[in-house]
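For reference, the chains in residue letters:
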Amino acid sequence: SLLNFYNDLEERIYWLTGSIGDSTLDLIQYIIKWNREDKGKPVEERKPIRLIIFSEGGSMDVEESIVSFIRLSKTPVYGIAVGMVASAASLIYLSCHRKFATDNAYFLLHKGSCRGLSGNYNEMEAFMADYQKQVQKMVTFYVENTKYTEEEVNKNINTDWYVRFPEALEKGLVDEMIHDIDFLL
């Protein structure tokens, strides 16, 4: 398993699976590493980073950091959805320069969840005010990175919103379906 992980890294393949948390931040290190290796090369000559995603989502703070570095990357980052791409994982996927998916990939878009909160009234009020700003930022992100209107996003994001083919392709969540395993080799 560890050998496969390092072999994939040599090919610039990173598996984003499971929950997005602190351990996922190493993706930023690899994005920087691969951009350093490509420094001075024209973008069209750089070997793309392939981010294979099957994730139930996770930390919005970690997601926002990863999204920032994907967007800063001059080396193209290709998102490849191979199944569930939920919540924070959908934002990471949508920030990729190109977006590919297998025919069974699906997306779960929603406002997220708040678990394990505690504190006094003022602390909770401050948290909720900040969280509302995060939700509005998320709505704007979905509108800017898909073909959904703000009205469509606001209408659907209040609950778990599942998007599958062909809607994912039609609405710009996916640029292209993967038809051949050679794409992943």
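Residues numbered from 1 in each chain as written. Predicted model: local features only at pLDDT ≥ 70, side-chain atom pairs only at ≥ 80, totals over all residues. Heavy atoms only, no water.

Undergrad: What should I look at first to understand the packing of aromatic side chains in this one?
TA: Any aromatic ring pair is given by two values, namely how distant the centres are and how the planes are angled relative to each other. Inspection of every chain in the model, using the stated rule, returns nine aromatic pairs. Here Tyr 106 and Tyr 162 contribute two aromatic rings whose centre-to-centre distance is 6.2 Å and whose plane-to-plane angle is 35 degrees, an arrangement assigned as tilted. Residue Tyr 106 is found in strand S5 (residues 106-109), and its partner Tyr 162 is found in strand S6 (residues 161-164); the two are separated by 56 residues along the sequence. For Tyr 106, a relative accessible area of 19% gives the class buried. Measuring from ring centre to ring centre gives 4.8 Å for Tyr 148 and Trp 161, while their planes differ by 65 degrees; the resulting arrangement is edge-to-face. You can see Tyr 148 sitting in the loop between helix H5 (121-145) and helix H6 (150-156) and its partner Trp 161 sitting in strand S6, a full 13 residues away along the chain. (Phe/Tyr/Trp six-rings, centres within 6.5 Å; stacked < 30°, edge-to-face > 60°. Helix = DSSP H or I, 4+ residues; strand = E, 2+ residues; numbered from the N terminus. Buried < 20%, exposed > 50% of the residue type's maximum accessible area, 1.4 Å probe, protein only.)

Undergrad: What is the right way to look at the pairing of strand S3 (residues 77-86) in this model?
TA: The side chains of a regular strand alternate, residue by residue, between the two faces of the sheet. Burial of S3 is extensive: nine of the 10 residues sit out of reach of the surface. Judged from the six bridges that link them, strand S2 (residues 49-58) and S3 form a sheet pairing that is parallel. Its bridge partner lying in S3, Ile 52 is registered against Ile 80. Handedness of the crossover joining S2 and S3 through helix H3 (residues 60-72): right-handed. Taken together, S3, helix H4 (residues 88-94) and strand S4 (residues 98-101) form a β-α-β motif whose crossover is right-handed. (Pairing = 2+ DSSP bridges. Right-handed = clockwise from strand over helix to strand, strands pointing away.)

Undergrad: I keep staring at the environment of Asp 180 and nothing clicks. Help me out?
TA: Along the chain, the position of Asp 180 falls in the segment after strand S7 (176-177). As a C-alpha pair, Asp 180 and Leu 109 span 71 residues in sequence and 27 Å in three-dimensional space. At a separation of 2.9 Å, a polar atom in the side chain of Asp 180 contacts the main-chain amide nitrogen of Asp 182. (Polar contact = N/O pair within 3.5 Å; in protein donor to acceptor, adjacent residues only side chain to side chain.)

Undergrad: Would you mind showing me how to read the nonpolar core here?
TA: Nonpolar side chains in soluble globular proteins tend to end up buried together. Counting residues in each nonpolar core, the largest one holds 44 residues, and the members touching the most others are Leu 51, Tyr 93 and Phe 107. The biggest single contributor to this core is H4, with six residues. Those residues in contact with Phe 107 that lie beyond four places of it in its chain are Ala 81, Val 85, Tyr 93, Trp 161, Tyr 162, Val 163, Ala 168, Leu 173 and Val 174. Within the second largest apolar cluster, six residues are counted, among which are Ile 13, Ile 52, Ile 80 and Ile 178. (Core = buried A, V, L, I, M, F, W, Y, C linked by side-chain atoms within 4.5 Å. Contact = heavy atoms within 4.5 Å.)

Undergrad: Sorry, what's going on with the environment of Glu 11 here?
TA: Structurally, Glu 11 is set in the loop between helix H1 (2-10) and strand S1 (13-20). Given the relative accessible area of 37%, Glu 11 is considered partly exposed. Sequence separation between Glu 11 and Glu 63 is 52 residues; the distance between their C-alpha atoms is 23 Å. Beyond its immediate sequence surroundings of up to four residues, Glu 11 is in contact with Lys 47 and Arg 50. Polar side-chain contacts of Glu 11 include one of 2.9 Å to the side chain of Lys 47.

Undergrad: Which parts of the structure should I look at to understand the side chain of His 110?
TA: With respect to the element layout, His 110 can be found in the loop between S5 and H5. With a relative accessible area of 14%, His 110 lands in the buried category. Separated by 2.9 Å, the side chains of His 110 and Asp 160 make a polar contact. If we ignore the near neighbours within four places in the chain, the residues touching His 110 are Ser 87, Met 138, Ile 157, Thr 159 and Asp 160.

Undergrad: Explain the layout of surface pockets to me, please; I cannot follow it from the model alone.
TA: In this approach a probe as big as a water molecule rolls over the atoms, and the regions it shows empty are the leftover space. Roughly 190 Å³ of volume is contained in the largest pocket. Lining the largest pocket, in full, are Met 60, Glu 63, Glu 64, Val 67, Ser 68, Arg 71, Leu 91, Gln 134, Lys 137, Met 138 and Phe 141. Put simply, the parts of the chain that give the lining of the largest pocket at least two residues each are H3 and H5. Considering each element in turn, the lining of the largest pocket owes the most residues, six residues, to H3. In the lining of the largest pocket, the residues fall into five nonpolar, two polar and four charged. (1 Å grid on protein atoms, 1.4 Å probe; cavity = no way out; pocket = protein on both sides within 12 Å on 5 of 7 lines; lining within 4 Å. Points joined across faces, edges and corners; volume = space filled by probe spheres on them. Nonpolar A, V, L, I, M, F, W, Y, C, P; charged D, E, K, R; others polar.)

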